[in-house]
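Reading the structure
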Amino acid sequence: MAALGWLTPRRRSATARSVLAGEASAEAARKSTQEAVGTTEEPQFPVHGDDRAAAFFDLDNTVMQGAALFHFGRGLYKRKFFETRELAKFAWQQAWFRLAGVEDPEHMQEARDSALSIVQGHRVAELQSIGEEIYDEYMAERIWPGTRALAQAHLDAGQKVWLVTAAPVEIATVIARRLGLTGALGTVAESVDGVYTGKLVGEPLHGPAKAEAVRALAAAEGLDLGRCAAYSDSHNDIPMLSLVGHPYAINPDSKLRKHARRLDWRLRDYRTGRKAAKVGIPAAAGVGAVAGGTAAAIALHRRRR
């Protein structure tokens, strides 16, 4: 039996090197487990209770199908503000925008000029009241439920949510209020004694101007832009999207889609039902996009009734 002694396991005390090897192996196993979890789960966003964060949403083709200014023009035509020939121009510009999915600067400029000439001489209060009616008639049914759910996620987290749009601020404010958002940044038309002059104050809130408006609002509100989110469909809004720590491309045009993919921004397209190209869309747009979007659609339907 003694000859078989070499088969009997010997108890040996752990050396410093074996202890080090064991600790390293355990640490590697723990780290690999954490990394595996991290690839499937992202930190909750938006962060609840973070009052230094806010969300900024473009309006046209991001929150709403089509352009708000064109829908507004349709409502004004119904109220005899202008003639059929001008309506045809509005209709063509709107159709082009819906089909192409991008903003044509010439079309947008023509639409703004037409709108300014149409409202010239009218009272601001009158247009605000009409804007409420036009929202119900032409805009409410064109709100993207998915984008609405994204906005609601920020509101539920206790954060402010702003529309940022080249549309007239009066229209944008109506839409923001009807959606339960905080407020709106929009193009300001000049008025004297409550009457429109047919001119703008400065320039349309478009492209770089949107970024400057967001920067100014963030400074006034004490926000940390690195903790804020911005959502848009247009490459024209890359300056605004680049300001924040959480940029989202919603229903993106081709240029924005390429830019977003290159920079690993999150994508969501509600036009075709394509899923997000990157995991991490806020909870309301994941599981809640269906429930929240359906609830929003039902609420809008009831409101129209």
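Conventions and cut-offs
Residues numbered from 1 in each chain as written. Predicted model: local features only at pLDDT ≥ 70, side-chain atom pairs only at ≥ 80, totals over all residues. Heavy atoms only, no water. Pairing = 2+ DSSP bridges. Helix = DSSP H or I, 4+ residues; strand = E, 2+ residues; numbered from the N terminus. Axes fitted to C-alpha atoms, helices over the stretch in contact; angles between N-to-C directions. Contact = heavy atoms within 4.5 Å. Phe/Tyr/Trp six-rings, centres within 6.5 Å; stacked < 30°, edge-to-face > 60°. Buried < 20%, exposed > 50% of the residue type's maximum accessible area, 1.4 Å probe, protein only. Core = buried A, V, L, I, M, F, W, Y, C linked by side-chain atoms within 4.5 Å. Salt bridge = Lys/Arg side-chain N within 4 Å of Asp/Glu carboxyl O.

1. Observations regarding the sheet that holds strand 6 (residues 229-232)
Strand order in this open sheet of six strands is 3-2-1-6-7-8, and the pairing throughout is parallel. The open sheet has two edge strands, strand 3 (183-187) and strand 8 (266-268), and neither has a second partner. Pairs of neighbouring strands in the sheet enclose a mean axial angle of 20°, with direction left out of account. When strand 2 (residues 160-168) meets strand 3, the two strands line up parallel, connected through four bridges. Bridge assignment links Trp-162 to a residue of strand 3, and that residue is Gly-183. Set on the sheet, helix 6 (residues 145-156) makes contact with strand 1 (54-57), strand 2, strand 6 and strand 7 (246-250); between it and strand 1 the angle comes to about 160°.

2. Some points on the packing of aromatic side chains
By the definition in use, this model includes three aromatic pairs. Ring plane angle 5° and centroid distance 4.1 Å describe the contact between Phe-57 and Tyr-231, whose orientation is recorded as stacked. On the criterion of sequence distance, the pair formed by Phe-57 in strand 1 and Tyr-231 in strand 6 is long-range, its members being 174 residues apart. Tyr-231 shares its class with Phe-57; the two are buried. Ring geometry for Tyr-231 versus Tyr-248: centroids 4.6 Å apart, planes at 15°, classification stacked. Of this pair, Tyr-231 sits in strand 6 while Tyr-248 sits in strand 7, and the two are 17 residues apart along the sequence. Taking relative accessible area as the criterion, Tyr-231 reaches 0% and is therefore assigned buried. Members of the aromatic cluster, connected to one another through ring pairs, are Phe-45, Phe-57, Tyr-231 and Tyr-248.

3. Points about the nonpolar core
Ranked by size, the top nonpolar core spans 44 residues in total, and within it Phe-57, Leu-76, Met-139, Leu-163, Ile-175 and Tyr-231 carry the most contacts. It is helix 5 (residues 124-139) that provides the largest number of residues to this core, a total of seven residues. Setting aside anything within four residues of it in sequence, one finds Leu-76 in contact with Phe-81, Phe-82, Ile-118, Val-119, Leu-127, Ile-130 and Ile-134. Counting residues in each nonpolar core, the second largest holds 26 residues, with Val-214, Ile-238, Leu-241 and Leu-243 among its members.

4. Digging into the pattern of salt bridges
What the rule picks out here adds up to 15 salt bridges. For Glu-137, the salt bridge is made with Lys-78, and the minimal N-O distance between the two is 3.6 Å. With Glu-137 in helix 5 and Lys-78 in helix 2 (residues 68-78), the pair connects residues that are 59 residues apart, well separated along the chain. Owing to a relative accessible area of 48%, Lys-78 belongs among the partly exposed residues under this scheme. In this structure, the salt-bridge partner of Asp-269 is Arg-257, at a minimum N-O distance of 2.8 Å. You can see Asp-269 sitting in the loop between strand 8 and helix 11 (287-304) and its partner Arg-257 sitting in helix 10 (residues 254-263), a full twelve residues away along the chain.

5. Remarks on the pairing of strand 1
With burial as the criterion, each face of strand 1 is covered, one bearing Ala-54 and Phe-56 and the other bearing Ala-55 and Phe-57. Relative to strand 2, strand 1 is paired through four bridges, and the arrangement is parallel. Bridge pairing in strand 2 places Ala-55 opposite Val-161. Pairing of strand 1 with strand 6, which is carried by three bridges, proceeds in the parallel orientation. Bridge pairing in strand 6 links Phe-56 to Ala-230.

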